[in-house]
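Structural characterization, general
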Amino acid sequence: MKIAFLACDSTLPGAVDRRVDAFEHDFQVAALRPALRDHDAMLVELDWRAAESDFGDCDAAIIGTTWDYEDQWDAFIARLEWLEARMPVFNSSELVKWNIDKSYLRSIETKGGTIIPTQWVDRPTITNINDAMAQFDTDRLVVKKQIGAGARDQILVERDAHIDENALFASPAMLQPFLPQIRSEGEYSFIFVDGAFSHALIKRPQTGDYRIQSAYGGTESAVEPQQSDLDAAKSILTLLPDQSPLYARIDMLRGPDGNLLLMEAELIEPYLYPQQGPDLGRMLADAIIRRLA
Ligand SMILES: Nc1ncnc2c1ncn2[C@@H]1O[C@H](COP(=O)(O)OP(=O)(O)O)[C@@H](O)[C@H]1O
Ligand SMILES: [Mg+2]
């Protein structure tokens, strides 16, 4: 059996301008490849834009490190659908479409999930920034794109800071109170494979920053979660359209009342932190093989 691991031209080994966080690609492949080999399955790393013929003898595709589709997500979806007509794709294009726009958080909230308090606006303006500060009774807001990843274009706005409205991005936005727990405790990730809990970790920003991504100097460490925190993450899983996707990463941050709030439910191409979950490769490989049987 041959399984395609979808990547992009800036994460693939040997890339000319390889991303600074492409080591995460290598870790993920290193976790999965030997575990698949134990099932006599071969993992091949392929650019999601590769020629159709390159996928000719693949039996399944896993969305891996396709971290450049943001500005071309229609082409990305088209490629997933093309693949899906020929082989199983994990996670499915349907789930990807649901997850690409962070407005899915509203549907989770409607079903009873607790998310970080959010105002949804067509585009950020000084007026709605001031309104959100008043509504959330806060001096600091995080303004982010509804369709976005890797904290790109995201801004942290302080009360009374001079803001050039024209410099704000002009696309649908989310306004959230800045939760200081990102610096004091960190952001949790709970990794689930086929609905089963694999491992958890805490991601912390570099001193002076608040973004936990490794591209900004963030670091992570494995954590044994409190039962109540794990239960909070599990309860989010039950609110997804598919309750046992091949993989899911539930990102949460503690709110002022001590409960974890949902930041994101990552179902598209999340980094699954194999370094913190030594069993991850085996769990993923077993689940893939089970699904292909
Ligand atoms: N409300 C918030 N309070 C504090 N930090 C935040 C908040 N929202 C986002 N962040 C920081 O910004 C990062 C990116 O935000 P996130 O919503 O995860 O978007 P994405 O990862 O898709 O770019 C988070 O990992 C966290 O470090
Ligand atoms: Mg995130």
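This one's a predicted model, so the numbers in the text were calculated from it and none came from an experiment.

Digging into the nonpolar core
In terms of nonpolar packing, the biggest core is built from 49 residues, with Leu6, Leu32 and Phe55 touching the most fellow members. Taken together, the elements giving at least two residues each to this core come down to strand 1 (2-7), helix 1 (23-37), strand 2 (42-47), strand 3 (60-63), helix 2 (73-84), strand 4 (89-90), strand 9 (187-193) and helix 8 (280-292). Tallying contributions element by element places helix 8 first for this core, with 7 residues. Setting aside residues no more than four positions away along its own chain, Leu32 makes contact with Phe5, Leu43, Ile62, Gly281, Leu284, Ala285 and Ile288. If you look at the next biggest cluster of nonpolar residues, it comprises 25 residues, including Leu95, Leu105, Leu260 and Leu267.

Overview of the sheet that holds strand 7 (residues 155-158)
Reading across the sheet, the 4 strands line up as 5-8-6-7 and stay open at both edges, with antiparallel pairing between neighbours. Since the sheet does not close on itself, it has two edges, and those belong to strand 5 (119-121) and strand 7, each with one partner. Taken pair by pair, the neighbouring strands of this sheet meet at an average axis angle of 25°, ignoring direction. Note: strand 6 (residues 140-145) against strand 7, 4 bridges, orientation antiparallel.

Structural notes on the pattern of salt bridges
Evaluation of the coordinates by the stated rule reveals 21 salt bridges. Of the charged contacts in the structure, one is a salt bridge between Glu264 and Lys102, with a shortest N-O distance of 3.6 Å. Of this pair, Glu264 sits in strand 13 (residues 260-266) while Lys102 sits in the loop between helix 3 (93-99) and helix 4 (104-110), and the two are 162 residues apart along the sequence. Here Glu264 and Lys102 have matching classes, each one buried.

A look at the domain arrangement of the protein
Domain assignment breaks the protein into domain 1 (2-96), domain 2 (104-114 + 182-267) and domain 3 (119-172). Between the C-alpha centres of domain 1 and domain 3 the distance comes to 33 Å.

A word on the packing of aromatic side chains
In this structure the tally under the stated criterion is 9 aromatic pairs. For the ring pair Phe55 and Trp82, a centre distance of 6.2 Å and an interplane angle of 65° mean the geometry is edge-to-face. Here Trp82 lies in helix 2 and Phe55 lies in the loop between strand 2 and strand 3, a separation of 27 residues in the sequence. In this structure, Phe55 and Trp82 share a single accessibility class: buried. Through pairs of rings, three or more aromatic residues link up here, namely Trp48, Tyr69 and Phe76. The positively charged end of Arg79 is found above the aromatic ring belonging to Trp82, 5.0 Å away from the centroid. If you follow Arg211 out to its NZ or CZ, it ends over the ring of Tyr216, 3.6 Å from the centre.

Overview of the sheet that holds strand 10 (residues 196-204)
Strand order in the open sheet formed by 5 strands is 11-10-9-12-13, with antiparallel pairing between adjacent strands. Looking along the sheet, the strands with just one partner apiece sit at the ends: strand 11 (219-222) and strand 13. Averaged over neighbouring strand pairs, the angle between their axes works out to 30° when direction is ignored. As judged from the 7 bridges shared by strand 9 and strand 10, these two strands associate in the antiparallel manner. The partner of Phe192 across the bridge, within strand 10, is Phe197.

A few points about the packing of helix 1 against helix 8
Running from amino to carboxyl end, helix 1 crosses helix 8 at an angle of 50°, the nearest separation of the two axes being 8 Å. For the element pair helix 1 / helix 8, the angle class is oblique. Between helix 1 and helix 8 the crossing geometry is right-handed. Across the interface between the two elements, Ala31, Leu32, Ala35 and Leu36 of helix 1 pack against Gly281, Arg282, Leu284, Ala285, Ile288 and Ile289 of helix 8.

Basis of the calculations
- The numbers attached to residues start from 1 for each chain and follow its sequence in the written order.
- To read the labels, note that chains go from A and ligands from 1, taken in the order they are written.
- Owing to the predicted nature of the model, reporting of local features is limited to residues with pLDDT of at least 70; listing and counting of side-chain atom pairs is limited to 80 or more, with chain, interface and lining totals taken over all residues.
- Note: side-chain values were computed over all heavy atoms of the structure, leaving out hydrogens and water.
- We define a nonpolar core as any set of buried Ala, Val, Leu, Ile, Met, Phe, Trp, Tyr and Cys residues linked to one another through side-chain atoms lying within 4.5 Å.
- A 1.4 Å probe rolled over the protein chains alone gives each residue an accessible area, and that area as a share of the maximum for its type sets the label: buried under 20%, exposed over 50%, partly exposed in between.
- Segments assigned H or I by DSSP are reported as helices when at least four residues long, segments assigned E as strands when at least two residues long, and all are numbered from the N terminus.
- Note on definitions: a residue-residue contact is assigned when non-hydrogen atoms from the two residues lie within 4.5 Å.
- Strands were regarded as paired on the criterion that DSSP finds at least two bridges between them.
- Lines are fitted to the C-alpha atoms to define the axes, a helix being fitted only along its stretch in contact, and any angle between axes, read from their N-to-C directions, falls within 0 to 180 degrees.
- Between Lys or Arg on one side and Asp or Glu on the other, a salt bridge is scored when a side-chain nitrogen of the former is within 4 Å of a carboxyl oxygen of the latter.
- An automatic or database domain assignment supplies the start and end points of every domain.
- What counts as a ring pair is set by centres within 6.5 Å for rings of Phe, Tyr and Trp (its six-membered ring), and what kind of pair is set by the plane angle: stacked under 30 degrees, edge-to-face over 60, tilted for all other angles.
- Over a ring means this: the NZ of a Lys or the CZ of an Arg is within 6 Å of the ring centre and within 35 degrees of the ring normal.
- The cut-offs work like this: below 35 degrees is roughly parallel, past 145 is roughly antiparallel, 65 to 115 is roughly perpendicular, and the gaps in between are oblique.
- Note on convention: the crossing is left-handed when the near helix lies turned anticlockwise from the far helix by less than a right angle, right-handed when the turn is clockwise.

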